[in-house]
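Now for the letters of each chain:
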Amino acid sequence: MERKRKTEGLHALGTQTKYCTDYAPEVLETFENRHKDNDYWVEFNCPEFTSLCPITGQPDFAEIKIAYIPAERMVESKSLKLYLFSFRNHGDFHEDCVNTIMKDLIRLMAPKYIEVVGLFTPRGGISIYPYANYGKPGTRYEQMAEHRFMNHKINC
């Protein structure tokens, strides 16, 4: 009974994995945050992210880091893995990938705060590290987002 309650409404967890061949935000799933009264960080690291250059079709490789402070809902990790995998055959610029991931997660779970960074491997001798963040408007998290954005430092 307890196990069923914890996985109720989740479809990807505990089933045979089906990989999407292109960008698939519909695979994302959430579950209830049982600690809504606490502020705490949830961090994900995807060291094997791949997408395609929209111009050349060549693969781009990155480490995607996601950190958020949940509100009512939280993203289920297997569905997040499947979602990030869905970029594998998707053509988009690095900056677009990072902003798309952040916006999809905001739509999905309406977090108090979220930030996403992409540490893309060099191509043509240049690395690109796009960073995007968001804080819930009208709250202290909006101010936090502004502060963290203005003080964001490049990983050297």
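Owing to the predicted nature of the structure, the values given are computational and were not obtained by experimental measurement. (Residues numbered from 1 in each chain as written. Predicted model: local features only at pLDDT ≥ 70, side-chain atom pairs only at ≥ 80, totals over all residues. Heavy atoms only, no water.)

A. Looking closely at the overall build of the protein chain. Helix and strand content of the protein chain: four helices and seven strands. For the protein chain, buried positions account for 40% of its 156 residues. Taken as a whole, the protein chain presents about 9,600 Å² of accessible surface, with 53% of it coming from carbon and sulfur. (Helix = DSSP H or I, 4+ residues; strand = E, 2+ residues; numbered from the N terminus. Buried < 20%, exposed > 50% of the residue type's maximum accessible area, 1.4 Å probe, protein only. Areas by Shrake-Rupley, 256 points an atom, 1.4 Å probe, with all protein chains shown as cover.)

B. Focus on the packing of aromatic side chains. This model, assessed by the stated rule, comprises eight aromatic pairs. For the ring pair Phe49 and Phe120, a centre distance of 6.3 Å and an interplane angle of 90° mean the geometry is edge-to-face. Highlighted residues: Phe49 in strand S2 (residues 42-52) and Phe120 in strand S5 (residues 113-123), separated in sequence by 71 residues. By relative accessible area, which is 1% here, Phe120 ends up buried. (Phe/Tyr/Trp six-rings, centres within 6.5 Å; stacked < 30°, edge-to-face > 60°.)

C. Quick look at helix H2 (residues 77-85). Buried residues of H2: Lys78, Ser79, Leu80, Leu82, Tyr83 and Leu84, and no others. Looking at the buried positions of H2, the neighbouring elements they touch are S2, strand S3 (59-69), strand S4 (73-75) and helix H3 (94-109). Between the side-chain oxygen at the start of H2 and the backbone nitrogen of Lys78 there is a gap of 3.0 Å, and the oxygen is on Glu76. (Contact = heavy atoms within 4.5 Å. Polar contact = N/O pair within 3.5 Å; in protein donor to acceptor, adjacent residues only side chain to side chain.)

D. Representation of the nonpolar core in the model. Counting 28 residues, the largest nonpolar core has Phe49, Ile64, Ile66, Ile101, Leu105 and Ile114 as its most contacted members. With seven residues, the top contributor of residues to this core is H3. In this view, Ile66 contacts Val42, Glu43, Phe44, Leu80, Leu84, Ile101, Leu105, Ile114, Glu115 and Val116; residues no more than four positions away in its chain are not counted. With seven residues, the next largest nonpolar core counts Tyr113, Val117, Leu119 and Tyr141 among its residues. (Core = buried A, V, L, I, M, F, W, Y, C linked by side-chain atoms within 4.5 Å.)

E. Highlighting the UniProt feature "active site" (unreviewed entry) in the protein chain. Here, the residues flagged by UniProt with the feature "active site" (unreviewed entry) are Cys53 and Asp60. Looking at the element boundaries, Cys53 is found in the loop between S2 and S3. Residue classification places Cys53 among the buried residues on the basis of a relative accessible area of 11%. On the secondary structure map, Asp60 appears in strand S3. In contact with Asp60, not counting residues within four places along its chain, are Phe49, Thr50, Ser51, Leu52, Cys53, His94, Phe120 and Arg123. (UniProt positions renumbered as here; feature names shortened; annotations may be inferred.)

F. Spotlight on the side chain of Ser51. Mapped onto the fold, Ser51 is located in strand S2. Non-local contacts of Ser51, meaning those with residues more than four positions away in its chain, are made with Gln58, Pro59, Asp60, Phe87, Arg88, His90, Asp92, Cys97 and Phe120.

G. Just the UniProt feature "binding site: substrate" (unreviewed entry) in the protein chain, in detail. Look at the UniProt record and you will see "binding site: substrate" (unreviewed entry) annotated at Val75, Glu76, Ser77, His94 and Glu95. With respect to the secondary-structure elements, Val75 resides in strand S4. Look at Val75 and you get buried, because its relative accessible area is 3%. Once you skip the residues sitting within four places of it in the chain, Val75 turns out to touch Leu28, Glu29, Thr30, Phe31, Phe44, Tyr68, Leu80, Leu105, Leu108 and Met109. Mapped onto the fold, Glu95 is located in helix H3. Look at Glu95 and you get partly exposed, because its relative accessible area is 39%. Contact partners of Glu95, with chain neighbours within four places excluded, come to Ile128 and Pro130.

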